[in-house]
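An overview of the molecular structure
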Amino acid sequence: MTTSLDRSSASAPEPRSDAGSRFPVDFLWGVATSAYQIEGAAFEDGRTASIWDTFSRVPGAVHAGDNGDVACDHYHRMPEDVDLIAGLGVDSYRFSLSWPRIQPGGRGAVNQRGIAFYDRLVDRLLERGVLPWVTLYHWDLPQELEDAGGWPARDTAYRFADFAEIAMNRLGDRVRWWTTLNEPWCSAVLGYDTGRHAPGRQDFGDSMAAVHHLLLGHGLATQRLREAAPEPIQVGITLNTTHALPATDSDADRAAARRADGFGTRIYTDPLVLGSYPTDVVDELSARGVHLPVQHGDLSVIAQPLDFLGVNYYTSHYFSGTAEDDSGVEATADGVALTRLVPQGYPVTAMDWEITPFGLTGMLTRLGADYPGIPLYVTENGAAFDDAPDQDGEVEDADRTAYFAEHIEAVAAARDAGTDVRGYFAWSLLDNFEWSYGYDKRFGIVHVDYETQKRTVKQSGRWFRDNIRRSRQG
Ligand code: IFM
């Protein structure tokens, strides 16, 4: 394993920011990954198929036919990867548990060999002084649960609560930070409406049922985590809230942005925090003949007190409410009728996502204002760029470094405005399996050579480490 940490910043000038020094010493700095994106060992030690194992084998579903069979081989390289994490000087490592590794098929007995991996991971992190931050669900639903109906089926929420209890029983003596779901919008909309993610279904009504059952699963799991916890814990959820802005000041565009905000943000945050679905969203759904499958008592289960809200932020979106014209702007396929995304001409990342750091300030301050009293953590932020080691073996990803500097500055600005943001996790520790983009898009602050599995800390990783040091100096 190469860690270019020690060869340090001497070679190339690195973008500087004093952003780090604008954070208190107890601000939590971390790096994040998820199980399917890095672990590999897809069928080892009793793990069974997840929906991503199945979906990635559907011709055309994933770029170049890639899958997570090997990924970053983290399952076998975990000890060295934890050393890498510790070398970055972070406080915390946010990772997810593979449900089909721990509970094959999604129900019934625990797979001891599978859960033992997370035991070892947690122990190793603690030995190296890194706080484990567990996400229970980062999209790898056991295939057998999908075969039984997936998230549109109510039973999946109860199975998820059982899984949460298993995880708590085994890891709760050492893990204090628990996130139930990562980005339920992606699971529901990309998984069951647009079909761009596993399981690849395309039914708007099903996707809205999935929204409700994911939220119900969150509420049930939160209850079970708290009941089973042997020590005080912090439980929350991570959302990729949509930072929706109107393309112009016209009434139509403002309405489109409001609608996108309803379906991208408030349909999650309102039930989670306020205990009700937003009426404008419910009205629009019923006008389209869709009804959220809410049963008596569900909303109070969903609205469990949150110890924190995780916010994943990558870009902002500008919406237009006018019908498609000949401007070449594509209609969105996000289940929100009559809404178009309008690019603004900002520089873009390799994902074609516009770089809009001000939107992170906007999103955080808005969430802080609309849902006061809940500490916020940026649980993911980062960028894909086409980078590769140079002739000296270094990855000088100045564009990613600048992205981090600007976005960390944007978090500082939200804090200056009085928003209670307590932590920031870079996405991602490693280049990894970027879902339907396969290995084509690299988000890591550590480069992975997939042929050799060699890790090389990029310039952005060194900058991130230095930024944390600056923040510790107060
Ligand atoms: O890689 C993903 C991650 O799994 C969830 N949030 C967005 C990242 C970048 O697309």
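The protein has the name Beta-glucosidase in an unreviewed UniProt entry, where Streptacidiphilus cavernicola is given as its organism. Regarding the protein, the relevant UniProt record gives this comment under Catalytic activity (unreviewed entry): "Hydrolysis of terminal, non-reducing beta-D-glucosyl residues with release of beta-D-glucose."

**Observations concerning the confidence of the model for the protein**
Overall, the predicted model of the protein reaches an average pLDDT of 93, with 92% of residues at or above 70. Here residues 1–16 scores under 50 on pLDDT; set against residues more than four positions off or in separate chains, the count is 42 contacts. Low pLDDT, under 50, characterises residues 326–335; the predicted model gives this stretch 24 contacts beyond four residues in sequence or across chains.

**A few points about the packing of helix α13 (residues 357–370) against helix α14 (residues 398–416)**
Closest axis-to-axis distance for the α13/α14 pair is 8 Å, and the angle between their directions is 30°. Taken together, the axes of α13 and α14 lie roughly parallel to each other. Where α13 crosses over α14, the handedness of that crossing is right-handed. For the pair α13 and α14, contact is made by Pro357, Leu360, Thr361, Leu364 and Thr365 and by Glu406, His407, Ala410, Val411, Ala413 and Ala414, respectively. Tallied by class, the residues present in the contact of α13 with α14 amount to 7 nonpolar, 3 polar and 1 charged.

**A short note on helix α7 (residues 155–171)**
Here α7 contains 17 residues, and its C-alpha end-to-end distance of 25 Å stays within 8% of the 24 Å for a straight helix at 1.5 Å per residue. Of the positions making up α7, those classed as buried are Thr156, Ala157, Arg159, Phe160, Ala161, Phe163, Ala164, Ile166, Ala167, Met168 and Leu171. Here the buried face of α7 lies against α4 (99–102), α5 (112–127), β3 (131–137), α6 (143–147), β4 (177–182) and α9 (204–228).

**Description of the site of the ligand**
All residues adjacent to the ligand are Gln37, His138, Trp139, Asn182, Glu183, Tyr314, Trp353, Glu380, Trp427, Glu434, Trp435 and Phe443. Contact between the ligand and His138: an oxygen atom at 2.7 Å from a side-chain N or O atom of the residue. Separating an oxygen atom of the ligand from a side-chain N or O atom of Trp435 is a distance of 2.8 Å. Burial of the ligand by the surrounding chains reaches 95%, relative to a free accessible area of 280 Å². Looking at the shell around the ligand residue by residue, the class counts come to 6 nonpolar, 3 polar and 3 charged.

**Let's talk about the sheet that holds strand β10 (residues 376–381)**
With respect to topology, 8 strands assemble into a closed barrel ordered β1-β2-β3-β4-β5-β7-β10-β11, the strand pairing being parallel. When the angles between neighbouring strand axes are averaged without regard to direction, this sheet yields 25°. Sheet topology places β4 next to strand β5 (residues 234–239); 4 bridges connect them, and they run parallel. Residue pairing in the sheet places Trp178 in a bridge with Val235 of β5. α5 rests against β2 (92–96) and β3 of the sheet, and its axis sits at about 170° to β2.

**What about the packing of α9 against helix α10 (residues 251–274)?**
At a minimum axis separation of 10 Å, α9 and α10 run at an interaxial angle of 35°. With respect to the hand of their crossing, α9 and α10 are arranged in right-handed fashion. Between α9 and α10, the contacting residues are Phe204, Met208, Val211, Leu215 and His218 on the first element and Phe263, Ile267, Tyr268, Pro271 and Leu272 on the second. In the contact of α9 with α10, the residues fall into 9 nonpolar, 1 polar and no charged.

**Things to note about empty space enclosed by the protein**
Empty space left among the atoms is revealed by rolling a probe the size of a water molecule over them. Counted by the stated rule, this structure contains 3 cavities of 30 Å³ or more. Its volume calculated, the largest cavity comes out at about 50 Å³. Lining the largest cavity we find Ile51, Trp52, Tyr137, Trp139, Trp151, Cys186, Ser187, Tyr192, His197, Ala198 and Pro199. Listed by contribution, the elements that provide at least two residues to the lining of the largest cavity are α2 (51–55) and α8 (184–192). No other element matches α8, which puts 3 residues into the lining of the largest cavity. Counted by class, the lining of the largest cavity contains 9 nonpolar, 2 polar and no charged residues. A volume near 40 Å³ is recorded for the second largest cavity. What lines the second largest cavity is Thr33, Ser34, Ala35, Ile38, Glu39, His74, Tyr93, Phe95, Ser96, Phe117, Tyr118 and Leu121. In terms of residue class, the lining of the second largest cavity is built from 7 nonpolar, 4 polar and 1 charged.

**Notes on the packing of aromatic side chains**
A full pass over the atoms with the stated rule returns 39 aromatic pairs. On the basis of an interplanar angle of 65° and a centroid distance of 5.5 Å, the ring pair of Tyr314 and Trp353 is categorised as edge-to-face. Here Tyr314 is found in the loop between β7 (308–313) and β8 (317–320), whereas its partner Trp353 is found in the loop between β9 (340–341) and α13, with 39 residues between them in sequence. Residue classification places Tyr314 among the buried residues on the basis of a relative accessible area of 13%. Its relative accessible area of 27% is what places Trp353 among the partly exposed residues. Grouping aromatic residues by their ring pairs yields a cluster made of Tyr36, Trp52, Phe55, Trp139, Phe433, Trp435, Tyr439 and Tyr450. Between Arg47 and the ring centre of Phe43, over which it is positioned, the NZ or CZ distance is 6.0 Å. Stacked on the ring of Phe204, the Lys or Arg Arg288 has its end atom at 4.3 Å from the ring centre.

Reading the values: the criteria
Residues numbered from 1 in each chain as written. Predicted model: local features only at pLDDT ≥ 70, side-chain atom pairs only at ≥ 80, totals over all residues. Heavy atoms only, no water. UniProt positions renumbered as here; feature names shortened; annotations may be inferred. pLDDT = per-residue confidence, 0-100. Contact = heavy atoms within 4.5 Å. Axes fitted to C-alpha atoms, helices over the stretch in contact; angles between N-to-C directions. Helix = DSSP H or I, 4+ residues; strand = E, 2+ residues; numbered from the N terminus. Parallel < 35°, antiparallel > 145°, perpendicular 65-115°, else oblique. Left-handed = near helix turned anticlockwise from the far one by under 90°. Nonpolar A, V, L, I, M, F, W, Y, C, P; charged D, E, K, R; others polar. Expected span 1.5 Å × (residues − 1). Buried < 20%, exposed > 50% of the residue type's maximum accessible area, 1.4 Å probe, protein only. Near = heavy atom within 4 Å. Polar contact = N/O pair within 3.5 Å; in protein donor to acceptor, adjacent residues only side chain to side chain. Areas by Shrake-Rupley, 256 points an atom, 1.4 Å probe, with all protein chains shown as cover. Pairing = 2+ DSSP bridges. 1 Å grid on protein atoms, 1.4 Å probe; cavity = no way out; pocket = protein on both sides within 12 Å on 5 of 7 lines; lining within 4 Å. Points joined across faces, edges and corners; volume = space filled by probe spheres on them. Phe/Tyr/Trp six-rings, centres within 6.5 Å; stacked < 30°, edge-to-face > 60°. Lys NZ or Arg CZ within 6 Å of the ring centre and 35° of its normal.

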